[in-house]
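Next come the chains, spelled out residue by residue.
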Amino acid sequence: KYLQEDEIVPECKDLLSTLPKEKGWAEPHLYKYQGFWYPAWQFQGVLECQQHFQAQDTDILLVSAPKCGTTWLKALAFTIINRNSHSIDDPGKHPLFYNNPHDLVHQIELESHIDNPIFNPSSPRLFATHLPYISLPKCAKNSECKLVYICRNPKDTFISLWHFMNELRLNHLASISLEVAFDKFCRGVSIFGPFWDHVSDYWEESRKRPNKVLFLKYEDMKEDPNLHVKRLAEFFGVPFSIEEATSGVVDGIIKLCSFENLSKLKVNKDGKLPSGVENKTFFRRGGVGDWKNYLWPVMVERLDYLTEEKFQGSGLHL
Ligand code: A3P
C-alpha cells in the first residue's frame, strides 16, 4: 500500500514541512521538491532512492512523466531484452501473460532496493522511474547506465492523467473537475510536474549524450512501432539478427505488447499492483488525440501556447 501522510518517517516529515505545498489532485497535497511536485506518499521514496539506489553500468532505466506510455515501454523493453529466456513463440507462456508490466519492471522511487526475481541474471537490470533529470540519483547520471525517455503530447497526457487520478481516488474523495485539474496542470502542479520541464531536461540530455539517453515520442511509436522496436533493441545493445527480422520476431513483440493484447488479459482486467492500484487503470484507450473529446478551444489554445513557449528554440515539437 502507498504510505499515508501520517506513516512517513520523521526526517522526511520534517523536510516536507519546509517545502512549498498545494492542494493535490487525488491526494491532500502536492509538495515541491527540487522544482517538481510530489504527493507525500511518494516523497519518501524519492529521498530513499536518491540516497540508496546503486546504478550499475549495464542498467537500463525507462523514464517518463506519468501517463506518457510507461506501461507500454516497460512491456516492450522487457520483451526485447529477455527474448532469449522468455520466447515470444508461445505468447501464452510469456511473463506478460501473467504479470502487469509494472510488476516486471519496478519504479526505483517506489522500490529502489528490489531486484526483480523474474530477470535472467545474465541480462541487464531493467528499472523505471518518473524522476525528473535533476532528481535522478547521481550514480544513474554518472554511470554508463542507459536511459530511455518516452514523452507524449501534453494534451493527451493531461486527459490521461485526469482520468487516472480520478480512478485513484478510490471512491472516498470527490473527483477533481477537468477545469481545476487543467489549471493545475498548466501551472505545473501535477505529480512529477511541471510536465514541460520534465520533458525539456531529458530532451537536452539526449541531445548532449545520445548514446546515454534515447528520446522517444508515444505518437511516433504508435505510427511506426516496427522502427521503434528495432531502435530500442539497438540502443539496448541487442539488435535483431537477420534471422529474427525475417522470422517475424519484431512483429510478434509488437503484437504481444500492444494495447489490444495486454488490455484484454485477465491479469490486466482483474489484477492489482502491490500498492492496491488496479491494473486496468493503466489501460484506458491507448490512442492518439482523445483530447479532442474533452478540451474546449480556449484550453487547447492555452496548452499549445505553453508548449510552444516552453520548447521554443529547443528543436522539440510535441
Ligand atoms: P490513455 O489514458 O490515453 O488511454 P502510463 O503507462 O505512462 O501510465 O500511460 C498510460 C497511457 O498509456 C494510457 O493512455 C494507456 O491507455 C496507454 N497504454 C497502456 N498500455 C499501452 C500499450 N500497450 N500501447 C499503447 N498505449 C498504452
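Keep in mind it's a predicted model, so treat the numbers as computed, not measured.

Visitor: Can you help me understand the sheet that holds strand β7 (residues 213-217) in this one?
Guide: Hydrogen bonds between backbone atoms are what pair the strands of a sheet, whose relative direction is either parallel or antiparallel. On the basis of which strands lie adjacent, the open sheet formed by 4 strands has the order β5-β4-β6-β7 and parallel pairing. With partners counted over all chains shown, the strands left at the sheet margins are β5 (126-129) and β7, one partner each. Sheet twist, expressed as the mean angle between neighbouring strand axes with direction ignored, is 20 degrees. In this sheet, β5 lies alongside strand β4 (residues 60-64) in parallel orientation, the contact comprising 4 bridges. Residue Val63 lies in a different strand from β5, and its bridge partner there is Thr129. Against the sheet, helix α3 (residues 70-81) engages β4, β5, β6 (146-151) and β7, with an angle of about 160 degrees to β4.

Visitor: Which parts of the structure should I look at to understand unusual backbone geometry?
Guide: The phi torsion of most residues other than glycine is negative, and most of the peptide bonds are trans. A cis amide bond, omega 5 degrees, links Gly193 with the succeeding residue Pro194. The residue Pro194 is located in the loop between α9 (178-186) and α10 (195-208) in this model. Its identity as a non-glycine residue notwithstanding, Lys67 has a phi of 75 degrees, on the positive side. On the secondary structure map, Lys67 appears in the loop between β4 and α3. The class of Lys67 is buried, set by a relative accessible area of 13%. A positive phi is found at Phe192, a non-glycine position, where the angle reads about 65 degrees. Mapped onto the elements of the fold, Phe192 is located in the loop between α9 and α10.

Visitor: For this particular structure, what's the right way to read the site of the ligand?
Guide: Neighbouring residues of the ligand: 18 residues in total, closest Lys67, Thr70, Thr71, Ser160 and Arg285. The contact in question runs from an oxygen atom of the ligand to an N or O atom on the side chain of Thr71, over 2.4 Å. Between the ligand and Arg152 there is a distance of 2.9 Å, counted from an oxygen atom to a side-chain nitrogen or oxygen. Starting from 570 Å² of accessible surface for the ligand in isolation, the protein chains cover 98%. Looking at the shell around the ligand, the elements with two or more residues in it are α3 and α11 (218-223). Top element by residues in the shell around the ligand is α3. It accounts for 3 residues. A breakdown of the residues in the shell around the ligand according to their chemical character gives 7 nonpolar, 6 polar and 5 charged.

Visitor: I'm lost on the pattern of salt bridges in this one. Help?
Guide: Where charged atoms of side chains with opposite charge meet at close range, the side chains can pair. Using the criterion set out here, one finds 14 salt bridges in the structure. Ionic pairing is found between Arg125 and Asp59, a salt bridge with its closest N-O pair at 2.7 Å. With a gap of 66 residues between them, Arg125 in the loop between α6 (108-111) and β5 and Asp59 in the loop between α2 (40-52) and β4 connect regions that are remote in the sequence. As far as burial versus exposure is concerned, Arg125 and Asp59 are alike and both buried. Asp290 is the salt-bridge partner of Arg284, the closest N and O atoms lying 2.8 Å from each other.

Visitor: What am I meant to see in helix α12 (residues 225-236) here?
Guide: Two residues of an α-helix separated by three or four positions point the same way, owing to the 3.6 residues in each turn. The first and last C-alpha atoms of α12 sit 16 Å apart over 12 residues, in line with the 16 Å expected at 1.5 Å per residue. Turning to α12, its buried residues number three or more, namely His228, Val229, Leu232, Ala233, Phe235 and Phe236. The buried residues of α12 all sit within an arc of 165 degrees when viewed along its axis, so they share a single face. Of the surrounding elements, those touching the buried residues of α12 are β4, α3, β6, β7, α11 and α14 (249-256). Phi for Gly237, located one or two positions after α12, is positive at around 85 degrees.

Thresholds, definitions, all that
- Residues numbered from 1 in each chain as written.
- Predicted model: local features only at pLDDT ≥ 70, side-chain atom pairs only at ≥ 80, totals over all residues.
- Heavy atoms only, no water.
- Pairing = 2+ DSSP bridges.
- Helix = DSSP H or I, 4+ residues; strand = E, 2+ residues; numbered from the N terminus.
- Axes fitted to C-alpha atoms, helices over the stretch in contact; angles between N-to-C directions.
- Contact = heavy atoms within 4.5 Å.
- Buried < 20%, exposed > 50% of the residue type's maximum accessible area, 1.4 Å probe, protein only.
- Near = heavy atom within 4 Å.
- Polar contact = N/O pair within 3.5 Å; in protein donor to acceptor, adjacent residues only side chain to side chain.
- Areas by Shrake-Rupley, 256 points an atom, 1.4 Å probe, with all protein chains shown as cover.
- Nonpolar A, V, L, I, M, F, W, Y, C, P; charged D, E, K, R; others polar.
- Salt bridge = Lys/Arg side-chain N within 4 Å of Asp/Glu carboxyl O.
- Expected span 1.5 Å × (residues − 1).
- Arc of directions from axis to C-beta.

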